[in-house]
Amino acid sequence: MSKGKETKSRILQQAAELFNQQGYAGSSMSDIMRVTGLQKGGIYNHFQSKDDLALQAFEFAIAHIKQHTRSALQNKRYAVERLQAIITVFSSFAENPPIKGGCPLLNTAIESDDTHPALRDRAQQAMNSWLNLIHRIIQTGIEKGEIRSEVNADEIATIIIATLEGAIMMSKLYGDSIHMHRVINHLNQYLETHLKNNS
């Protein structure tokens, strides 16, 4: 990796963590300079603006999560097993987030709701990617006869993600991962009893 790419990657990592903990609006340019150890010019060598940095830092954080997910899905052949792997990845975000500050998708979705349309669009794209992944796994499971044919893939995708994100929020708010453990137990039981084609 060239020195320029290395510096840019380091800035993205540090900015992603800063934005994820303090929010985009709550992070000033001087905060970014402080965490990166660079002057404004050093940052603007790699990014056109604070907005550009925020969007790329969000993409960096999401790429990190996708990497965790890809690893978790390796060697998982069956639909319910694949869904459980995704649940396990998300569950780790409560205690061991891939980017300091919790789930970047949840944090960004809440913060950018009304204040930053471009960031909100990126958060929507990232969420669509999760919803589509779960939808595809369920549809494939139905086609292979592993999941009951009457299951609504879109409905289940919404339930899984909304439940996991809610558990991350509660675990973070209370500083107690019991909320995440309860949700994991519930979702795993739900998958086994309501989705799995046991006939």
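The structure under discussion appears in the preceding block.
Residues numbered from 1 in each chain as written. Predicted model: local features only at pLDDT ≥ 70, side-chain atom pairs only at ≥ 80, totals over all residues. Heavy atoms only, no water.

Participant: How do you make sense of the packing of helix 4 (residues 50-73) against helix 5 (residues 79-95) when you look at a structure like this?
Facilitator: For any two helices packed against each other, the geometry is given by the interaxial angle and the distance between the axes. At their nearest, the axes of helix 4 and helix 5 sit 9 Å apart, and the two run at 140° to each other. It follows from the interaxial angle that helix 4 and helix 5 lie oblique. You can see that helix 4 and helix 5 cross each other, and the crossing is right-handed. Residues Ile-65, His-68, Thr-69, Ala-72 and Leu-73 of helix 4 form the contact with helix 5, whose own contacting residues are Arg-82, Ala-85, Ile-86, Val-89 and Phe-93. In terms of residue class, the contact of helix 4 with helix 5 is made up of 7 nonpolar, 2 polar and 1 charged. (Axes fitted to C-alpha atoms, helices over the stretch in contact; angles between N-to-C directions. Helix = DSSP H or I, 4+ residues; strand = E, 2+ residues; numbered from the N terminus. Parallel < 35°, antiparallel > 145°, perpendicular 65-115°, else oblique. Left-handed = near helix turned anticlockwise from the far one by under 90°. Contact = heavy atoms within 4.5 Å. Nonpolar A, V, L, I, M, F, W, Y, C, P; charged D, E, K, R; others polar.)

Participant: Hey, could you run me through the nonpolar core in this one?
Facilitator: Within soluble globular proteins, side chains that are nonpolar tend to cluster in buried spots. With 61 residues, the main nonpolar core has Leu-53, Leu-83, Ile-138, Ile-147 and Ile-160 as its most contacted residues. Broken down by element, this core gets its largest block of residues, 11 residues, from helix 4. Beyond its immediate chain neighbours, meaning those up to four positions away, Leu-83 contacts Ile-134, Ile-137, Ile-138, Ile-147, Ile-160, Leu-191 and Leu-195. (Core = buried A, V, L, I, M, F, W, Y, C linked by side-chain atoms within 4.5 Å. Buried < 20%, exposed > 50% of the residue type's maximum accessible area, 1.4 Å probe, protein only.)

Participant: Explanation requested: the environment of Phe-60 in the structure shown.
Facilitator: Inspection of the secondary structure assignment puts Phe-60 in helix 4. For Phe-60 and Ala-16, which are 44 residues apart along the polypeptide, the C-alpha to C-alpha distance reads 7.2 Å. Once you skip the residues sitting within four places of it in the chain, Phe-60 turns out to touch Ser-9, Leu-12, Gln-13, Ala-16 and Ile-99.

Distances and angles like these do not, on their own, reveal function.
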